[in-house]
Amino acid sequence: MSEIDFSPFDRLQGSQLSLDLVSLADLLRTSFVYPPHSIYREVKLAGTGFDPTQDLHDHPSYHYPFQSAMASSRPPPKTIGENELLKQYHRLLSHAVANATASMRAPWLFQSGGKDSTALAIALAEARPDTCCYTYLGGNEENEVPSARLVASKLGLRHEALVCDPARAYDRYLAILPRLPLLTADFAVLSYADLAMEVRAQGGDGIIDGIGADEYCGAPLHARERLLGLLARGIPLPSALYTSGVVSHSFKLCFALSTLQMHAFERYFPGSRFSDAEVDGLLGRELSAGSRRRLALFRPDIDAAQSKEAVRRIALTIVESGQLAKGMYIAKAMSLRLAYPYCYEPLRDWVFHCVPDDHLIGPGGVNKVLMRNYIAQHFKQLPYVQSKGCFRFDLCGLASRRFDQVRDFAEQARDVMPGAPAWLDKHRAVLGNKYFASKFYLLAVVLPWLLGRTRGAKSQAE
């Protein structure tokens, strides 16, 4: 994946850009903007599944070519030796990291301790042994530091850990806001800003990010995803239900009820987000329907998908548009180079076309079998290789320590989001529940960005 060229966007002046309020509804509903759109009406983004030569303004077309059913050349199981597969995987992954980091003087790997970052660390130890590893301890639900530290130590890589301080992370995000080119509300954006600031402070000039492999390695559904898919029925529920009695203090109950209101496809998107009714209330007009209609662009591929796994793979391509954007925007704002080795085309194409199915998804829905086997050559057992959750952040801590500041932002941004002050006042007492704290997070990310960029926003609803 080549470095992103922001020069066409840089040439646009502020007076030439107007906010797309449907994209703002996207951010509140999903935490990212549906591609190929952006927070500005005049700017479209050619992400995964989009041809950059097409008209992305009036006639965008989406097609994802990396579905398992399209890999007609993939060899049958047991036709290629295990050693041969592992050697080729190592060769291509090493080429990917060497190519992606060639322009970096002092690269830092954002190392979660999971499969993707562990495999990258193995390749980096050979191709870029000067790489430093950084692991973020975001909360008390999971501790990824021991796994990441063990990996780095055995491979001879320097390792650092950063404990989440939500107030520090938020202050750092606010500091780079004026230089963020576009907006996404990914649930790791504050963590990313926090880590990127540390990399810069320690003399680093580049970030290595381990996302991008899920799309072509496969996305098997497990029992939890299947259950959530069954629960997602698109049933509107009264908002008072969430703030009543025992429900208001139970994340699991709130999450289950919110799932009932969602479309099944959008439940594949991570996190607790605002309902359609809440979005319309926050924005003071009916904009959630316009956000929902954007899913129609992906409907032909969704309808043609031959399995639930194939549908989820499409969802991953959409979600990763926001996840990739988070890194791109923050790296741009901080003048850091950014590498996504798993987006390296020779590696992607070899895995998709030349790796047997049983080395992508194994019995019982085990994902990334080849990557697991690659890691097992160096580490017989690691935490999080078998099971790993999401990148964590102290959501409730952010709400507790920055409520008044975000409430002030909401007051100042009434012209764009008139319902935000009332929502914050109504839910202040329940922000110790991470279901509501997740929504607070979205407001905390979006509101201050809006304050400096509200020109033309009132007239841009679709």
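Since we're looking at a predicted model, the values are computed, not measured.

Peer 1: Just checking my understanding: could you explain the overall build of the protein chain for this structure?
Peer 2: Helices and strands together make up the secondary structure of the protein chain, namely 19 helices and five strands. On C-alpha atoms alone, the protein chain measures out to a radius of gyration of 22 Å, which is about the 23 Å that the 2.2 N^0.38 rule sets for 462 residues. Reported as C-alpha extents along the three principal axes, the dimensions of the protein chain are approximately 60 × 50 × 50 Å. Buried positions account for 57% of the 462 residues belonging to the protein chain. Of all intrachain contacts in the protein chain linking residues separated by at least 6 positions in sequence, the fraction that spans at least 24 positions is 79%. Separation between the mean location of the 52 positive side-chain charges and that of the 48 negative ones in the protein chain comes to 3 Å.

Peer 1: Teacher, can you tell me more about the side chain of Ser288 here?
Peer 2: Note that Ser288 resides in helix α12 (residues 288–293). Leave out the neighbours within four places in its chain, and Ser288 touches Arg29, Asp276, Val279 and Asp280.

Peer 1: Looking at this structure, I do not really get helix α18 (residues 420–427). What am I missing?
Peer 2: Think of an α-helix as turning once every 3.6 residues; residues three or four places apart then point the same way. Those residues of α18 that fall on the buried side of the exposure criterion are Ala420, Pro421, Trp423, Leu424 and His427. Seen end-on, α18 carries its buried residues on one side only, within an arc spanning 165°. The secondary structure elements touched by the buried residues of α18 are α11 (276–283), α17 (395–412) and α19 (434–451).

Peer 1: In this structure, what is going on with the nonpolar core? I would like to understand it.
Peer 2: The nonpolar side chains of soluble globular proteins are, as a tendency, buried together. One finds Leu24, Tyr173, Leu190, Met417 and Trp449 to be the most contacted residues of the largest nonpolar core, which totals 90 residues. Per-element tally for this core: the top contributor is α19, with 13 residues. Not counting chain neighbours up to four residues away, the residues in contact with Leu190 comprise Ala169, Tyr170, Tyr173, Phe393, Leu398, Tyr441 and Val445. Membership of the second largest hydrophobic core comes to 37 residues, among which are Leu92, Met104, Leu360 and Leu370.

Peer 1: I'm lost on the sheet that holds strand β2 (residues 132–137) in this one. Help?
Peer 2: Adjacent strands of a sheet form backbone hydrogen bonds with each other and so pair up, either parallel or antiparallel. A sheet is described by the order of its strands in space; here five strands give the open sequence β3-β2-β1-β4-β5, paired in parallel fashion. The open sheet has two edge strands with one neighbour each: β3 (158–163) and β5 (337–339). Direction aside, the axes of adjacent strands within the sheet are offset by 25° on average. Pairing of β2 with β3 involves six bridges; the strand directions are parallel. Paired with Tyr134 across the strands is Glu160, a residue of β3.

Peer 1: Help me understand the pattern of salt bridges in this model?
Peer 2: Close approach of charged atoms lets side chains of opposite charge pair. Inspection of every chain in the model, using the stated rule, returns 25 salt bridges. Between Asp116 and Lys368 there is a salt bridge, with the nearest N and O atoms lying 2.8 Å from each other. Linking Asp116 in helix α4 (residues 115–127) with Lys368 in the loop between α15 (345–354) and α16 (369–376), this pair joins segments that are 252 residues apart in sequence. Both residues of the pair, Asp116 and Lys368, belong to the buried class.

Thresholds applied
Residues numbered from 1 in each chain as written. Predicted model: local features only at pLDDT ≥ 70, side-chain atom pairs only at ≥ 80, totals over all residues. Heavy atoms only, no water. Helix = DSSP H or I, 4+ residues; strand = E, 2+ residues; numbered from the N terminus. Rg over C-alpha atoms; globule rule 2.2 N^0.38 Å. Buried < 20%, exposed > 50% of the residue type's maximum accessible area, 1.4 Å probe, protein only. Contact = heavy atoms within 4.5 Å. Lys, Arg positive; Asp, Glu negative; His and termini not counted. Charge placed at Lys NZ, Arg CZ, Asp CG, Glu CD. Arc of directions from axis to C-beta. Core = buried A, V, L, I, M, F, W, Y, C linked by side-chain atoms within 4.5 Å. Pairing = 2+ DSSP bridges. Axes fitted to C-alpha atoms, helices over the stretch in contact; angles between N-to-C directions. Salt bridge = Lys/Arg side-chain N within 4 Å of Asp/Glu carboxyl O.

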